[in-house]
Amino acid sequence: MLSVIPKSEASRRERASFFDTGLVLSMVLALGAVPLAPGRSTWLLLAVVLAVLTVVSVRRRFQPAMQLGLLGTLLLLTLAGFESLKLWPLPAMVAGACWGVSMLVAPLGRRPSWLRRGHLNATIAALIFAAVVVSAVALLVWFQVARPDYRSLRGTLLLEMPMPLLCLCVLSFAMINAAAEEFLYRGALMSALDETLGTGVASIVIQAAAFGLLHLDGFPRGPVGVALATIYGLMMGVVRRRADGMLAPCIAHVATDVAIGAILLNALH
């Protein structure tokens, strides 16, 4: 049986202290609460909590928690500014851009350890293909069984576009959304968990649960949607671990989002 843990990561430094682990887990809980308690005041309160945790991380010179805390704080402040999750991934784009600029400033200037291309070989390609096929089939089954009501999208300016331009919009959205979500969950969040809990199953499961909660009102939506998104997060976590980089999960995520776009376009037309 193949391990999901590359040797390069299995031989990394020892686990972080109990206090650092508590810092990271607290940040993950704060981010997980974002879709559960939507609203500007709640998001501002969570941003303050994350900012405090980030300052503590800076004082302890624990960079994975610094990066996750700063990115989470910026994301919450951006969400509070937009006052809605419906414009996702635009808030994540703005927060990510600000976070990228902050990486040039000490003491956060060292390049994040997870920000690398990783491997892309036949084994990784097979994992990507399997994840995309399983996800597409699951989404089709869910759409046929649940019959979600997306009629509010009919008649919008977007659907009045010519089909080639509409397909280009779907592809652009898929690329932006995939980059935003992968960098947040399989990037900063999973890396911080790896540094504290070790590169085992726990960090994959926790990031997947946080990722699943994000889709409470997404596609798919509701409790079933959260469960399906959590399973998808598990698959992306395994792809990320095996590839030891961000390119593979980003490719898989783009393909899945394109499948979602195709399902929606087919239903709305």
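Caption draft 1: Inspection of the layout of surface pockets at higher detail. Within this model, the second largest pocket holds a volume of roughly 230 Å³. Forming the walls of the second largest pocket are 13 residues, and the residues nearest its centre are Ala92, Gly96, Ala179, Ala180 and Phe183. The class makeup of the residues in the lining of the second largest pocket is 12 nonpolar, one polar and no charged.

Caption draft 2: The packing of aromatic side chains, seen in detail. Going through the model one piece at a time under the given rule, you end up with five aromatic pairs. Plain terms: the ring middles of Trp142 and Phe143 are 6.4 Å apart, the flat faces sit at 65° to each other, and that makes the pair edge-to-face. We note that Trp142, like Phe143, is buried. An angle of 75° between the planes, with centres 5.4 Å apart, marks the rings of Tyr185 and Phe211 as edge-to-face. Here Tyr185 is found in helix α7 (residues 163-197), whereas its partner Phe211 is found in helix α8 (residues 201-214), with 26 residues between them in sequence. Residue classification places Tyr185 among the buried positions, given a relative accessible area of 5%. Residue class for Phe211 comes out buried when judged on its relative accessible area of 1%. Every member of this aromatic cluster is reached through a ring pair, and the members are Trp99, Trp114 and Phe183. The ring of Phe211 carries Arg186 above its face, with NZ or CZ at 4.3 Å from the centroid.

Reading the values: rules and limits
Residues numbered from 1 in each chain as written. Predicted model: local features only at pLDDT ≥ 70, side-chain atom pairs only at ≥ 80, totals over all residues. Heavy atoms only, no water. 1 Å grid on protein atoms, 1.4 Å probe; cavity = no way out; pocket = protein on both sides within 12 Å on 5 of 7 lines; lining within 4 Å. Points joined across faces, edges and corners; volume = space filled by probe spheres on them. Nonpolar A, V, L, I, M, F, W, Y, C, P; charged D, E, K, R; others polar. Phe/Tyr/Trp six-rings, centres within 6.5 Å; stacked < 30°, edge-to-face > 60°. Buried < 20%, exposed > 50% of the residue type's maximum accessible area, 1.4 Å probe, protein only. Helix = DSSP H or I, 4+ residues; strand = E, 2+ residues; numbered from the N terminus. Lys NZ or Arg CZ within 6 Å of the ring centre and 35° of its normal.

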